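The residues making up each chain are set out below.
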Amino acid sequence: SQQGEEDPQALSIQEGENATMNCSYKTSINNLQWYRQNSGRGLVHLILIRSNEREKHSGRLRVTLDTSKKSSSLLITASRAADTASYFCATDESSYKLIFGSGTRLLVRP
Amino acid sequence: EAQVTQNPRYLITVTGKKLTVTCSQNMNHEYMSWYRQDPGLGLRQIYYSMNVEVTDKGDVPEGYKVSRKEKRNFPLILESPSPNQTSLYFCASSLTRGGGYTFGSGTRLTVV
């Protein structure tokens, strides 16, 4: 079952611009996580935000969480070509598994 | 280096021939999971384990088995593979309940 739905499905920006991806989910969560996946490779954990947190930063990443709207956003500032990847949100409901969204494919043009 | 190691990376097999995909983590993580990733369907959990000898079904367990005899290892077993199990498989582990997961590099399985 898919919990999170990312928007947009694909995003193409110029190097140096900011990239914003959104995630919506359906049920109550313990936390929400963002992962990056380079083509065909394993997922890399980027950031985790708990249900009682509203905003979190990690380097060029900024994540917000609005539990009333059941949505989250990931902002990547000053994007680089190396940021080109697919980005997934994943929600933790039962604490034994993550439910992943459909992903946003980000292309950063040099 | 802290990591989750899956083997093999690529595998082509024939229908019905039993196979095992190995997964090992060196971080002393308690929680481990197997996912499959398919175009248009995203990542779906197959099985998960909360500790040694404790496993449970995920969303798509049919046709798969797992075991957790040691904390570090969590092999995925396909007793009689079928073409609909052609997919990209990922093993992942986490130290804490509800924490971030470390993923392996993936196993691309083709069943003909």
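Residues numbered from 1 in each chain as written. Chains lettered and ligands numbered in written order. Predicted model: local features only at pLDDT ≥ 70, side-chain atom pairs only at ≥ 80, totals over all residues. Heavy atoms only, no water.

Caption draft 1: The overall build of chain A, seen in detail. Across its full length, chain A holds zero helices and eleven strands. Written out in order from the N terminus, the α and β elements of chain A read β-β-β-β-β-β-β-β-β-β-β. The C-alpha atoms of chain A give 13 Å as radius of gyration, which agrees with the globular expectation for 110 residues (13 Å, within 12%). If you line up chain A on its principal axes, its C-alpha atoms span 40 × 25 × 20 Å. Looking at chain A residue by residue over its 110 residues, the buried ones come to 45%. Counting contacts in chain A only where the partners sit at least 6 residues apart, residues at least 24 apart contribute 54% of the total. Side chains of chain A carry 14 positive and 11 negative charges; the gap between the two charge centres is 3 Å. (Helix = DSSP H or I, 4+ residues; strand = E, 2+ residues; numbered from the N terminus. Rg over C-alpha atoms; globule rule 2.2 N^0.38 Å. Buried < 20%, exposed > 50% of the residue type's maximum accessible area, 1.4 Å probe, protein only. Contact = heavy atoms within 4.5 Å. Lys, Arg positive; Asp, Glu negative; His and termini not counted. Charge placed at Lys NZ, Arg CZ, Asp CG, Glu CD.)

Caption draft 2: Inspection of the sheet that holds strand β8 (residues 71–76) of chain A at higher detail. Residues and elements named next belong to chain A. Spatially, the five strands line up as an open sheet ordered β1-β3-β8-β7-β6, and their pairing is antiparallel. This sheet does not close on itself; its edge strands, each paired only once, are β1 (5–7) and β6 (55–58). Across the sheet, the mean angle separating the axes of adjacent strands is 20 degrees when strand polarity is ignored. Examined bridge by bridge, β6 and strand β7 (residues 61–66) share four bridges and lie antiparallel to one another. The residue bridging Lys-56 from the neighbouring strand is Val-63, located in β7. (Pairing = 2+ DSSP bridges. Axes fitted to C-alpha atoms, helices over the stretch in contact; angles between N-to-C directions.)

Caption draft 3: Representation of the interface of chain B and chain A within the structure. Between chain B and chain A, the contact holds 23 residues from the first and 20 residues from the second. Summing both partners gives a buried area of about 1800 Å² for chain B against chain A, and 51% of it is carried by carbon and sulfur. The largest contributions to the chain B side of the interface with chain A come from Leu-43, Tyr-101 and Phe-103 of chain B, which together make up 27% of the buried area. The interface formed by chain B and chain A includes six residue pairs in polar contact (both at pLDDT 80 or more). For the side of chain B that touches chain A, the secondary-structure elements that each account for two or more residues are β4 (31–38), β5 (42–51) and β9 (87–94) of chain B. Element by element, the count of residues in the side of chain B that touches chain A is highest for β5 of chain B, at five residues. (Buried area = accessible area lost by both parts, 1.4 Å probe. Polar contact = N/O pair within 3.5 Å; in protein donor to acceptor, adjacent residues only side chain to side chain.)

Caption draft 4: Layout of the state of the cysteines. Under the definition given, this model contains two disulfides over all chains. With its sulfur 2.0 Å from that of its partner, Cys-23 of chain A forms a disulfide with Cys-89 of chain A. In this structure the cystine formed by Cys-23 of chain A and Cys-89 of chain A twists about its S-S bond by roughly 65 degrees; its chirality is therefore right-handed. Here Cys-23 of chain A is found in strand β3 (residues 19–24), whereas its partner Cys-89 of chain A is found in strand β9 (residues 85–92), with 66 residues between them in sequence. Residues Cys-23 of chain A and Cys-89 of chain A agree in their burial class; the two are buried. The side chain of Cys-23 of chain B participates in a disulfide bridge whose partner is Cys-91 of chain B; the two sulfur atoms lie 1.9 Å from each other. Every disulfide takes its handedness from the sign of the S-S torsion; for Cys-23 of chain B and Cys-91 of chain B that torsion is -70 degrees, giving left-handed. You can see Cys-23 of chain B sitting in strand β3 (residues 19–25) and its partner Cys-91 of chain B sitting in strand β9, a full 68 residues away along the chain. When its relative accessible area of 2% is taken as the criterion, Cys-23 of chain B is described as buried. With relative accessibility at 0%, the residue Cys-91 of chain B sits in the buried group. (Disulfide = S-S within 2.5 Å.)

Caption draft 5: Just the sheet that holds strand β8 (residues 76–78) of chain B, in detail. All names here are of chain B. Strand order in this open sheet of four strands is β1-β3-β8-β7, and the pairing throughout is antiparallel. Where the open sheet ends on each side, the last strands, each with one partner, are β1 (4–7) and β7 (65–66). Pairing of β7 with β8 involves two bridges; the strand directions are antiparallel. Directly across from Val-66, in β8, lies its bridge partner Leu-76.

Caption draft 6: Examining the packing of aromatic side chains more closely. Evaluated as defined, the whole model comprises seven aromatic pairs over all chains. Where Phe-100 of chain A meets Phe-103 of chain B, the ring centres are 6.0 Å apart and the plane angle is 80 degrees; that geometry is what we call edge-to-face. Linking Phe-100 of chain A in strand β10 (residues 98–100) with Phe-103 of chain B in strand β10 (residues 102–103), this pair reaches from one chain into another. The exposure classification of Phe-100 of chain A matches that of Phe-103 of chain B, with both residues buried. With a centroid separation of 6.0 Å and an interplanar angle of 40 degrees, the aromatic rings of Tyr-35 of chain B and Phe-103 of chain B are classed as tilted. Of the two residues, Tyr-35 of chain B is situated in strand β4 and Phe-103 of chain B in strand β10; the sequence distance between them amounts to 68 residues. Assessed through its relative accessible area of 1%, Tyr-35 of chain B is described here as buried. Ring-pair connections join several aromatic residues into one group, and the members of that group are Tyr-35 and Phe-100 of chain A together with Tyr-35, Phe-90 and Phe-103 of chain B. (Phe/Tyr/Trp six-rings, centres within 6.5 Å; stacked < 30°, edge-to-face > 60°.)

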